[in-house]
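Breakdown of the fold
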Amino acid sequence: MGRKATVVGVTTEIADQLIARAVEAKRQAAVPYSGFRVGAALLAGDGSINTGCNVESSSYGLTLCAERVALGKAISEGKRDFVAIAIVTDSEELCPPCGACRQLLWDYAPDLEIILATPSGARKHYRLRELFPEAFDDHFLGDK
């Protein structure tokens, strides 16, 4: 026990591990157009971690964000319960997920902890609900 908890939920030790895995994933980013590398590490409820990096397309709308790559990998491996995601870039400004990523993350984990980190070690923790208030979700779709 004795681990210090972060402001939102996961322990500092787990947050550090997620950030380190996101930094590793960021190194694989395929960004020939923007040069803006992003890495993400998604923690599932069973303790497994799936990583992702952004993959750009010359048709910009087809670009895959790191967060969605990590989520897609996790879902393709049968994961459906998610706890936290760390997101890192090369910028010294904390970079939150884009709107499309917020929506997809919301669909699978509305209470997800979001950990943003910079190369110099600055970090901030949020709940997805804080970054995506009044989200569209399945309750608007009526009976399924």
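A short tour of the structure in this document, coming up. (Residues numbered from 1 in each chain as written. Predicted model: local features only at pLDDT ≥ 70, side-chain atom pairs only at ≥ 80, totals over all residues. Heavy atoms only, no water.)

Now for the pairing of strand β1 (residues 38–44). Among the 7 residues of β1, 7 are classified as buried, and the element is accordingly described as predominantly covered. Neither face of β1 is left uncovered, since the one carrying V38, A40, L42 and A44 and the one carrying G39, A41 and L43 both have all their residues buried. Sheet topology places β1 next to strand β3 (residues 82–89); 7 bridges connect them, and they run antiparallel. Paired with G39 across the two strands is V88, which belongs to β3. In terms of strand pairing, β1 meets strand β2 (residues 49–53) through 5 bridges, oriented antiparallel. Each bridged residue has a counterpart across the sheet, and for G39 the counterpart in β2 is C53. What sits between β1 and β2 in their antiparallel hairpin is a turn of 4 residues, with G47 showing a positive phi close to 95°. (Buried < 20%, exposed > 50% of the residue type's maximum accessible area, 1.4 Å probe, protein only. Helix = DSSP H or I, 4+ residues; strand = E, 2+ residues; numbered from the N terminus. Pairing = 2+ DSSP bridges.)

Next up on the list: the nonpolar core. Counting 22 residues, the largest nonpolar core has L42, F82, I85, L105, L112, I114 and L128 as its most contacted members. Sorting the residues of this core by element identifies β1, α2 (66–76), β3, α3 (99–108), β4 (113–117) and α4 (128–131) as the ones contributing at least two each. In this structure L105 touches E67, L71, I85, P110, L112, I114 and L128, once residues within four positions along its chain are discounted. (Core = buried A, V, L, I, M, F, W, Y, C linked by side-chain atoms within 4.5 Å. Contact = heavy atoms within 4.5 Å.)

Bringing the sheet that holds β1 into the picture now. Either a parallel or an antiparallel arrangement is found when strands of a sheet pair, and the pairing is made through backbone hydrogen bonds. Taken together, 5 strands build an open sheet; the order of strands is β2-β1-β3-β4-β5 and the sheet is mixed. The sheet terminates laterally at β2 and β5 (123–127), the two strands that pair on one side only. Put simply, the sheet's adjacent strands are angled 15° from each other on average, direction ignored. Bridging between β3 and β4 involves 5 bridges; their strand directions are parallel. When the sheet's bridge partners are listed, A84 is paired in β4 with E113. Seen against the sheet, α2 touches β1, β2 and β3 and runs at an angle of roughly 140° to β2. (Axes fitted to C-alpha atoms, helices over the stretch in contact; angles between N-to-C directions.)

With that out of the way, let us pick up the environment of P119. Relative to the elements of secondary structure, P119 occurs in the loop between β4 and β5. Expressed as a C-alpha distance, the spacing of P119 and E93, which sit 26 residues apart in the sequence, is 9.4 Å.

Let us now look at the pattern of salt bridges. Applying the stated criterion across every chain yields a total of 5 salt bridges. Linked through salt bridges whose partners overlap, the residues forming this network are K26, R37 and D90. (Salt bridge = Lys/Arg side-chain N within 4 Å of Asp/Glu carboxyl O.)

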